[in-house]
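Residue-level structure breakdown
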Amino acid sequence: MPVLGSSGLEVFPLALGTNTFRWTASAEESHRILDAFVAGGGTFIDTADVYSVWAPGSTGGDAETVIGEWLAAGADRDKVVIATKVSAHPALPGLKPGTIATAIEQSLKRLQTDYVDVYYAHIDDPDTPLEESVAAFDDLVRRGLVRHVGLSNYTAERAQAWIDVARACGAALPVSLQPHYNLLHRTDFERRLRPVAERNDLGVVPYYGLASGFLTGKYRSAADAAGTRRGATIGDYLTEAGFAAVSELRAVAAELSVAPATVALAWLRVQPTVVAPIASVSAAEQLDALLASATLDLSPGQLDRLTAASDAFAATRTAA
């Protein structure tokens, strides 16, 4: 299995996203998803204290609670790598030391575990000096509450600044970077963030690996997305070039007798610095296509065709 940056942590090359837990997946179905993921070889679980505050009646912390209940019901904590995040919860926003200390205690309580393997700064907090946030994360590592530090949704400049501060004061260095990156959303990561990951041995764990479901191949026209829950989030992809890219994705999938989602994640998995794309499901039966991406080998020709279709889509976005 691949190793997450400089952490030494071996992880399955697909991370299970949990933003659907107690939103589009009930607690019971979420437990089935976790069981099926582990049964399929999965080890890497990605969550956040804010999941899923957007669900009706939620105040956040739902996904962590579901995972904690699953662990308490008998799952083997030592066989999974759990990553969670701080700074986006509406009741605990930002990265002030006191906020970080309170948030980790609450996350550990919900997760029913003594530590998390990776703790991400979920969203940058420019109003708090980096020195203070870096020291607060380092304190958690020293206390054994957190094994490793990660950065999510950071610009290249701010990610490098965090690393420089941590290196200068001997604090725990980030081992992982979590950006928005997929077959149709590439430019910012590849031009700006990837060099930071390469220079600093950061394992990249991209989110939106399936472009909010667009890369599953189920949308063949803008009409297919109209009125759907995901419709508003995939508007930028509903173009002739976007559908052409998905058509190529479906063609490669047909050649390999797999689902388009499998191909999209397999393409992402082999990009430089990427360790494990994140993908989520609402039902355990949807996991098979995702798990298959961890072992699917695309030929050089297939990779080139997908990248060319992606480049054609990007060209239309630049022109626009």
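Up top is the structure.
Residues numbered from 1 in each chain as written. Predicted model: local features only at pLDDT ≥ 70, side-chain atom pairs only at ≥ 80, totals over all residues. Heavy atoms only, no water.

**Let's talk about the overall build of the protein**
- For the protein, the helix and strand inventory stands at 11 helices and 10 strands.
- Whereas a compact globule of 320 residues would reach a radius of gyration of roughly 20 Å, the protein reaches 19 Å, a difference of no more than 12%.
- Here the C-alpha coordinates of the protein stretch approximately 50 × 40 × 35 Å along the principal axes.
- When burial is assessed residue by residue, the protein has 55% of its 320 residues classed as buried.
- Here the contacts in the protein between residues at least 6 apart in sequence split such that 77% fall between residues at least 24 apart.
- Put simply, the protein shows about 13,000 Å² of open surface, and 51% of that area lies on carbon and sulfur atoms. (Helix = DSSP H or I, 4+ residues; strand = E, 2+ residues; numbered from the N terminus. Rg over C-alpha atoms; globule rule 2.2 N^0.38 Å. Buried < 20%, exposed > 50% of the residue type's maximum accessible area, 1.4 Å probe, protein only. Contact = heavy atoms within 4.5 Å. Areas by Shrake-Rupley, 256 points an atom, 1.4 Å probe, with all protein chains shown as cover.)

**Comments concerning the nonpolar core**
- Ranked by size, the top nonpolar core spans 93 residues in total, and within it Tyr119, Phe137, Trp162, Phe214, Leu215 and Leu290 carry the most contacts.
- Apart from residues lying up to four places away in sequence, Phe214 is in contact with Leu184, Tyr219, Ile234, Tyr237, Leu238, Gly242, Phe243 and Val246.
- Counting 15 residues, the second largest nonpolar core, distinct from the first, contains Val11, Ala15, Val118 and Tyr207. (Core = buried A, V, L, I, M, F, W, Y, C linked by side-chain atoms within 4.5 Å.)

**Examining the pattern of salt bridges**
- One pass over the full model with this rule turns up 18 salt bridges.
- Glu105 serves as the salt-bridge partner of Arg143, at 3.3 Å between the closest nitrogen and oxygen. Taken as a pair, Arg143 in the loop between helix H4 (130–142) and strand S7 (146–152) and Glu105 in helix H3 (residues 97–111) lie far apart in primary sequence, 38 residues in all.
- A residue is classified by how much of its surface remains accessible, and Glu105, at 39% relative accessible area, is partly exposed.
- Between Glu190 and Arg194 there is a salt bridge; the shortest N-O distance is 3.7 Å. (Salt bridge = Lys/Arg side-chain N within 4 Å of Asp/Glu carboxyl O.)

**Here we look at the sheet that holds strand S3 (residues 81–86)**
- With respect to topology, 8 strands assemble into an open sheet ordered S9-S8-S7-S6-S3-S2-S1-S10, the strand pairing being parallel. The sheet terminates laterally at strand S9 (203–204) and strand S10 (278–279), the two strands that pair on one side only.
- Contacting S3, strand S6 (116–121) and S7, H3 runs over the sheet at an angle of about 140 degrees to S6. (Pairing = 2+ DSSP bridges. Axes fitted to C-alpha atoms, helices over the stretch in contact; angles between N-to-C directions.)

**Section: the side chain of Ser310**
- Among the structural elements, Ser310 can be located in helix H11 (residues 300–319).
- A distance of 2.4 Å separates a polar atom in the side chain of Ser310 from the backbone oxygen of Leu183.
- Apart from the residues within four sequence positions on either side, Ser310 is in contact with Leu183, Leu184 and Arg186. (Polar contact = N/O pair within 3.5 Å; in protein donor to acceptor, adjacent residues only side chain to side chain.)

**Focus on unusual backbone geometry**
- Backbone torsion omega between Tyr51 and Ser52 reads -10 degrees, so that peptide bond is classified as cis.
- Backbone geometry at Arg22 places phi at a positive 55 degrees, although glycine is not the residue there.
- Within the secondary structure, Arg22 is located in the loop between strand S1 (15–17) and helix H1 (27–39).
- At Asp201, a residue that is not glycine, the phi angle is positive and equals roughly 55 degrees.

**What to know about the packing of helix H2 (residues 62–72) against H3**
- For the pair H2 and H3, interaxial distance at closest approach is 6 Å and the crossing angle is 45 degrees. Relative to H3, the element H2 is oriented oblique. Residue-level contacts link Glu64, Thr65, Ile67, Gly68 and Leu71 of H2 to Ser107, Arg110 and Leu111 of H3.
- Residue composition of the contact of H2 with H3, by class: 3 nonpolar, 3 polar and 2 charged. (Parallel < 35°, antiparallel > 145°, perpendicular 65-115°, else oblique. Nonpolar A, V, L, I, M, F, W, Y, C, P; charged D, E, K, R; others polar.)

**Considerations on the packing of aromatic side chains**
- Applying the stated criterion across every chain yields a total of 12 aromatic pairs.
- Ring geometry for Tyr119 and Phe137: centres 5.5 Å apart, planes at 35 degrees, overall tilted. Taken together, the residues span a long stretch of sequence, with Tyr119 in strand S6 and Phe137 in helix H4 at a distance of 18 residues.
- On the basis of an interplanar angle of 35 degrees and a centroid distance of 4.4 Å, the ring pair of Tyr181 and Phe189 is categorised as tilted.
- For the cation-ring pair, Arg77 lies above Tyr115, with the distance from its terminal atom to the ring centre recorded as 4.1 Å. (Phe/Tyr/Trp six-rings, centres within 6.5 Å; stacked < 30°, edge-to-face > 60°. Lys NZ or Arg CZ within 6 Å of the ring centre and 35° of its normal.)

**Concerning the pairing of S6**
- With 6 of its 6 residues buried, S6 lies for the most part within the structure.
- As paired elements, S3 and S6 share 4 bridges and run parallel to each other. Note that in S6 the partner of Val86 across the bridge is Ala121.
- When S6 meets S7, the two strands line up parallel, connected through 5 bridges. Paired with Tyr120 across the strands is Gly150, a residue of S7.
- A crossover connection joins S6 to the parallel S7 through H4; in handedness this β-α-β unit is right-handed. (Right-handed = clockwise from strand over helix to strand, strands pointing away.)

Fair warning: the whole summary comes from geometry, so function is off the table for now.
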